[in-house]
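Listed here are the chains, written in short residue letters.
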Amino acid sequence: MALFGVFQVVFLLALLSLRTYQIEVLSEHLPLTPESLEVSINSTQQRLHLQWRVHTLTYHQELKMVFQIEISRIETSNVIWVENYSTPVKWNQVLHWSWESELPLECATHFVRIRSMVDDAQISELGLWSSWSPWEEVDVQKSLGQGPLFIFPKDKLVEEGSNVTICYVSRSAENNISCYMERIPIHGEQLNPNVFTFSFNNVPFVRVTGTNFYCKRSKHEMSGIILYVSKVLEEPKDFSCETRDLKTLNCTWDSGHDTALSRFPSQSYTLFESFSGKKKLCEHKNWCKWQVAADSQETYNFTLVAENNLRRRRVNIFFNLTHRVRPMNPFNVVLKSIGATNATMTWKVHSIGNYFTLLCQVELHSGGKVIQHNTSIEVDGQYFLNELEPVTPYATRVRCAAAKHFWKWSEWIHLNFITLEAAPSEAPDVWRNVKSVLGSHIVTLFWKPLSKSHAHGEILFYKVVLENLEKSSSVKLLSIPAPANGTELTLDQCSYRIHVTANNSAGTSPASVIGISRDPGNKTVEEERIQGTEDGFSLSWKAQSGDVIGYVVDWCDYPQEPRCHLQWKKLGPNTTSTVICSDAFRPGVRYNFRIYEISTERIAYLLEKKTGYSQEQAPSKNPQVTIRNLTSHSFTLSWKDYSTDSQSGFIQGYYVYLKPKAEQCHPGFEKAVLSDDSVCCKYNIDNPEQKTFVVENVQPESFYEFLVTPYTSVGEGPHDAFMKVTIPDEYSHVLIRIGVPMILCLVLLMVLCYLMSQWMKDQCYPDIPDPYKSSVLSLIKYKESHHPTIMNVNDCTPDAIEVVNKLEGSKIQFLGARKSLTETELTKPAYLYVLPAENYSGPGPCICFENFTYNQEASDSGSSGHVPVPPKAPPSQLALLTSPENLLKSLEQNYVNSLGESPAGETSLNYVSQLASPMSADKGSLPTNPPERALSSEYRMQMAVTLGLASPSPSENSLSSVTLLDQGEHCR
């Protein structure tokens, strides 16, 4: 034991001496100076890379050292960076360090030097720095070449929100260089005569192709770079892994922004599992598949690494495989045995290992309601859906999850179906309106459509059964097609029970029964006024003695329309009040409510009437006022009543406004100021039934204006234009009583005088016949086929004219010459005949013109003689008369001569037509043996045709005494 102690002491002394020797050796070489410093650059990353050695270390010696690095820019005295780098150092080891410059390395010259210090616990003397290594110069501009303008950095990649410095290097010292960032001018800072720098803070992402920066000296000298700004790489979110079949894990995550640019790829994702040591590069950005190990590994620890050119992100997850089971979706989902109120739903699931139990959830959707049911299954699932509504569309769906360790539900599998129809479950809500007309009842039935929950299908028709209670065998059946909501019946004066049912394809609803009594029971009920509110009309009534099974309140939603949309509300027998609400209620509309009680026989009896407004309004119009009994001291205003439908509120009275010429108001009136600031007199009629008002004590021969307007509890009617009335004087009514009869008599006398003047004209001055309407025109032969309106001589075939001489002359006063001619003896009438042409060979018709106006004797005798042509008449006369031109010339010449006084022996012209028919003649005045002629037509001339011959020459053959006839008269 003593020997062991001695040995231990000797060992410790030897070790101490060795340690002392090492310290002495190291102390001799301290401090250790870095040597072989080399500096290189990376222009893309803008980094300086340094490497060096420490040669003074002994073999296999390792010390912890600190290296201090200084970096200067442009000049060695301009130190811009100082950093201490601590690392263990071995003998002959090459050390590395890098530094990223915010200013591109090409923009300025950089200098680097280094020194060291031992920071090891083995050395007692610490804190002594070695000497600095020589400055290493880094000047990239020397290798730029001969270009005039350079911009750096080239193809720089930074993250969004970073700070960037850009510079340009010019070979000349000119300052006329302009720089732009995305076409926006940028002003920089001069670093030296040939270098300008531009600093940008928080640079934004512009586009995947990069941000453009360029400088130009002129239009032809321009240089630029592309700055690539990417989105910031985000840490993956919602990283999760699950399995659906215990064979494959599906890991998903939210990758966030894509950092891809046109020259730089998007971020990559790597999945690493720590227990197995396996790693997989994922092909997708947000999911990756991992094969479950065959040795049934249950616990997994995954690390997801996201990486791009600028940074790296990672997240971890740890889980048990059996706790991350999400079953596959159910399949073969089928609905069976669909009825009106139930259905059966079946489905299948994929197997997940042995004895793996699933929890399945079934949802039923209809009308916004959701019903959930849960059931546990292993292979096949089934669920019975009940309490369904008939003819109702349903949406059902099913999903499953692990029952023991719940993780997530599978996706929903949807299925829609419609239940079948069923018979309506409720009787229609029926009401009636009864009118008695000429010994019969006009019954109008109304019913409300059944709700969808009660109709149980499409209503096809309504069945109406009329049962005559006084004739048990009398039953009448009516079928009313849907969607009608009523019908009209004409019944005799018997009691009836009416049954109404709704029918669909599945069956018939319960019947709604209503009774019609022999006595309609429309007793007189006083109407009560009520006031509505925003919540509706509050109605109440007194219960009547007797058996009552309920009450009914009816009203019209639109009382001002022909079809008022009758509505009703049925209430129980113990209810004596209700509130009637309707979206159709409008302010200013009067609504009438009738309250009926329903007897045990289902007969309705009118109980009360109520009327009111949901909100009264001021009248919208004024009554039409008429003025009556206008005197010099008073007048009466009268107007008619409003119809209740046009009233916008209950009329409480009328205001009478009066504007007298003098501003003093009559007794009972009070002064009032209108909206136009005019002053008038106002009288209040507080009796709404009063429709007349007498204005008394008015001044004769004065002027008044008045207005009558109604008022309600809300306000009065509009102030329309005032009507005007002028008061007559005191004697005007006397003058009216006298003047009106005189004027009527004068008007009657004027009417009688006018009628007498017409009679006198017809007696003394008859109308001159219109030659255009003579019957002669129909007998004339025309040369042409058409008949001219006014005949011309040239259009007719002329006849002959015979001159007949009178034996005794007469004096005739010509109107034109104003000479008197005393007729001593007027024995023969004057005639004018038109004879046929010379080639006329036999008897023919003639036309005789006779002037009865001036030949009084002929007119009185009524004769129209027909004088034959003398058989010995010279042919020359006939030839002369045959020519229309000669005839006109002779007539014109003789017309001038006829203005003088005719001699004692006068000559007359007879015009004889071939077409004329014979007429009655004065036989005593005609030759004894006239030739027979055809019938002649007669024209009674209105001018004198008395012709005189003043010394007729034999050659003229008495034609000089012929009165002028124009062509129109000759043809007529």
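Our subject is the structure that appears above.
In what follows, the accompanying structure is described. From a predicted model like this one, the values you see are computed outputs, not experimental measurements. (Residues numbered from 1 in each chain as written. Predicted model: local features only at pLDDT ≥ 70, side-chain atom pairs only at ≥ 80, totals over all residues. Heavy atoms only, no water.)

Some thoughts on the overall build of the chain
Consideration 1: Looking only at helices and strands, the chain has 7 helices and 58 strands in total.
Consideration 2: When each of the 972 residues of the chain is scored for burial, the buried share is 40%.
Consideration 3: Of all intrachain contacts in the chain linking residues separated by at least 6 positions in sequence, the fraction that spans at least 24 positions is 66%.
Consideration 4: In the structure as shown, the chain presents an accessible area of about 55100 Å², 52% of it carried by carbon and sulfur atoms. (Helix = DSSP H or I, 4+ residues; strand = E, 2+ residues; numbered from the N terminus. Buried < 20%, exposed > 50% of the residue type's maximum accessible area, 1.4 Å probe, protein only. Contact = heavy atoms within 4.5 Å. Areas by Shrake-Rupley, 256 points an atom, 1.4 Å probe, with all protein chains shown as cover.)

Regarding the pattern of salt bridges
Consideration 1: One pass over the full model with this rule turns up 24 salt bridges.
Consideration 2: The salt bridge involving E182 is made with R207; its shortest N-O contact spans 2.9 Å. Here E182, found in the loop between strand 11 (178–181) and strand 12 (184–186), pairs with R207, found in the loop between strand 14 (195–200) and strand 15 (211–216); they are 25 residues apart in sequence, far enough to count as distant.
Consideration 3: Here K237 ties to E234 by a salt bridge, and the two come within 2.9 Å at their closest N and O atoms.
Consideration 4: In the salt-bridge network here, residues are joined through shared partners; they are E242, R244, R326, K408 and E411. (Salt bridge = Lys/Arg side-chain N within 4 Å of Asp/Glu carboxyl O.)

Some details on the nonpolar core
The tendency in soluble globular proteins is for nonpolar side chains to be buried as a group.
Consideration 1: With 32 residues, the main nonpolar core has W431, L445, W447, V464 and I498 as its most contacted residues.
Consideration 2: Residue contacts for I498: discarding those within four places in its chain leaves L445, V464, V465, L466, L489, S512, V513, I514 and I516.
Consideration 3: Among the nonpolar cores identified, the runner-up in size contains 23 residues, and L32, L48, I71 and V118 belong to it. (Core = buried A, V, L, I, M, F, W, Y, C linked by side-chain atoms within 4.5 Å.)

Things to note about the pairing of strand 36 (residues 496–504)
Consideration 1: The buried fraction of strand 36 amounts to 7 of the 9 residues, a majority that puts the element mostly inside the structure.
Consideration 2: Sheet analysis places strand 33 (residues 461–468) next to strand 36, joined by 8 bridges and oriented antiparallel. Residue pairing across strands places F461 opposite N503, the latter belonging to strand 36.
Consideration 3: Judged from the 5 bridges that link them, strand 36 and strand 38 (residues 512–516) form a sheet pairing that is antiparallel. Across the sheet, residue R497 finds its bridge partner in strand 38, namely G515.
Consideration 4: As judged from the 2 bridges shared by strand 36 and strand 37 (residues 507–508), these two strands associate in the antiparallel manner. If you follow N504 over to strand 37, its bridge partner there is G507.
Consideration 5: Taking the residues between adjacent antiparallel strands as the criterion, strand 36 and strand 37 are bridged by 2 residues. (Pairing = 2+ DSSP bridges.)

A few points about the sheet that holds strand 26 (residues 358–366)
By way of backbone hydrogen bonds, the strands of a sheet pair with one another, either parallel or antiparallel.
Consideration 1: Sheet architecture is open: 4 strands sit in the order 27-26-29-30, paired in antiparallel fashion. Either end of the sheet is taken by a strand with one partner, and the two such strands are strand 27 (369–377) and strand 30 (413–418). Taking the axes of each pair of neighbouring strands and ignoring which way they run, one obtains an average angle of 20 degrees across the sheet.
Consideration 2: The pairing of strand 26 with strand 27 spans 9 bridges and is antiparallel. In the strand pairing of strand 27, V362 is matched with H373. (Axes fitted to C-alpha atoms, helices over the stretch in contact; angles between N-to-C directions.)

Observations regarding the sheet that holds strand 53 (residues 723–726)
Consideration 1: Overall, antiparallel pairing links the 5 strands, which are arranged 49-50-48-52-53 in an open sheet. With partners counted over all chains shown, the strands left at the sheet margins are strand 49 (670–673) and strand 53, one partner each. Neighbour-to-neighbour, the strand axes of the sheet open up by a mean angle of 35 degrees, direction not taken into account.
Consideration 2: As paired elements, strand 48 (residues 653–659) and strand 52 (residues 703–711) share 7 bridges and run antiparallel to each other. Pairing of Y655 across the sheet is with T709, part of strand 52.

What about a nonpolar patch on the surface?
Consideration 1: On the surface, a nonpolar cluster with roughly 690 Å² of combined accessible area is contributed by I743, V747, L748, V751, L752, Y754 and L755.
Consideration 2: Within the element layout of this structure, L755 appears in helix 3 (residues 732–764). (Patch = residues over 30% accessible without salt bridge, like charges linked within 9 Å, V, L, I, M, F, W, Y side chains within 5 Å.)

Quick notes on the state of the cysteines
Consideration 1: Under the counting rule described, the total for this entry stands at 6 disulfides.
Consideration 2: Across a sulfur-sulfur distance of 1.3 Å, C107 and C167 are joined as a disulfide pair. Measuring the twist about the S-S bond at about -60 degrees, one finds the C107-C167 disulfide to be left-handed. In this pair, C107 sits in the loop between strand 5 (94–100) and strand 6 (110–118) while C167 sits in strand 10 (residues 164–170), placing the two residues 60 residues apart along the sequence. (Disulfide = S-S within 2.5 Å.)

Section: the packing of aromatic side chains
Consideration 1: Per the counting criterion, the structure on display carries 38 aromatic pairs.
Consideration 2: Between W431 and Y596 the ring centres are 5.2 Å apart and the planes differ by 65 degrees, which places this aromatic pair in the edge-to-face class. Of this pair, W431 sits in strand 31 (residues 429–437) while Y596 sits in strand 44 (residues 590–599), placing them 165 residues apart in sequence. You'll find W431 and Y596 in the same group, each marked buried.
Consideration 3: Among the aromatic residues, those joined into a cluster by ring pairs are Y168, F196, F198, F200 and F213.
Consideration 4: The ring of Y596 has R432 sitting right over it, with the charged end atom 5.2 Å from the ring centre. (Phe/Tyr/Trp six-rings, centres within 6.5 Å; stacked < 30°, edge-to-face > 60°. Lys NZ or Arg CZ within 6 Å of the ring centre and 35° of its normal.)

Some points on the side chain of S223
Consideration 1: Here S223 is to be found in strand 16 (residues 222–230).
Consideration 2: Not counting residues up to four positions away in its chain, the partners in contact with S223 are L149, I151, Y214 and C215.

Some words on the environment of S509
Consideration 1: Here S509 shows up in the loop between strand 37 and strand 38.
Consideration 2: Along the sequence, S509 and L450 sit 59 residues apart, while their C-alpha atoms lie 10.0 Å from each other.
Consideration 3: Sequence-distant contacts of S509, that is, excluding residues within four places in its chain, are made with P424, E426, A427, P428, T501 and A502.

Regarding unusual backbone geometry
Consideration 1: A cis amide bond links F152 to the next residue, P153, at an omega of 5 degrees.
Consideration 2: Along the chain, the position of P153 falls in the loop between strand 8 (149–152) and strand 9 (157–159).
Consideration 3: Residue A482 is joined to P483 through a cis peptide bond whose omega torsion reads 10 degrees.
Consideration 4: With respect to the helices and strands, the residue P483 is situated in the loop between strand 34 (475–481) and strand 35 (486–491).
Consideration 5: In this structure, I74 is a non-glycine residue whose phi angle is positive, near 70 degrees.
Consideration 6: Residue placement: I74 occurs in the loop between strand 3 (62–73) and strand 4 (79–90).

Notes on the layout of surface pockets
Consideration 1: When its volume is computed, the largest pocket comes out at roughly 840 Å³.
Consideration 2: Lining the largest pocket are 32 residues, and of these F446, C556, C564, H565 and L566 sit closest to its centre.
Consideration 3: For the lining of the largest pocket, the secondary-structure elements that each account for two or more residues are strand 31, strand 32 (440–448), strand 35, strand 41 (548–556), strand 42 (566–571), strand 44 and strand 45 (604–613).
Consideration 4: Class assignment of the residues belonging to the lining of the largest pocket gives a composition of 14 nonpolar, 8 polar and 10 charged. (1 Å grid on protein atoms, 1.4 Å probe; cavity = no way out; pocket = protein on both sides within 12 Å on 5 of 7 lines; lining within 4 Å. Points joined across faces, edges and corners; volume = space filled by probe spheres on them. Nonpolar A, V, L, I, M, F, W, Y, C, P; charged D, E, K, R; others polar.)

Regarding the side chain of T392
Consideration 1: Along the chain, T392 turns up in the loop between strand 28 (380–385) and strand 29 (393–402).
Consideration 2: A relative accessible area of 10% means that T392 is categorised as buried.
Consideration 3: Within polar-contact distance, the side chain of T392 engages the backbone oxygen of E389 at 3.2 Å.
Consideration 4: A distance of 2.9 Å separates the side chain of T392 from the backbone oxygen of P390, its partner in a polar contact. (Polar contact = N/O pair within 3.5 Å; in protein donor to acceptor, adjacent residues only side chain to side chain.)

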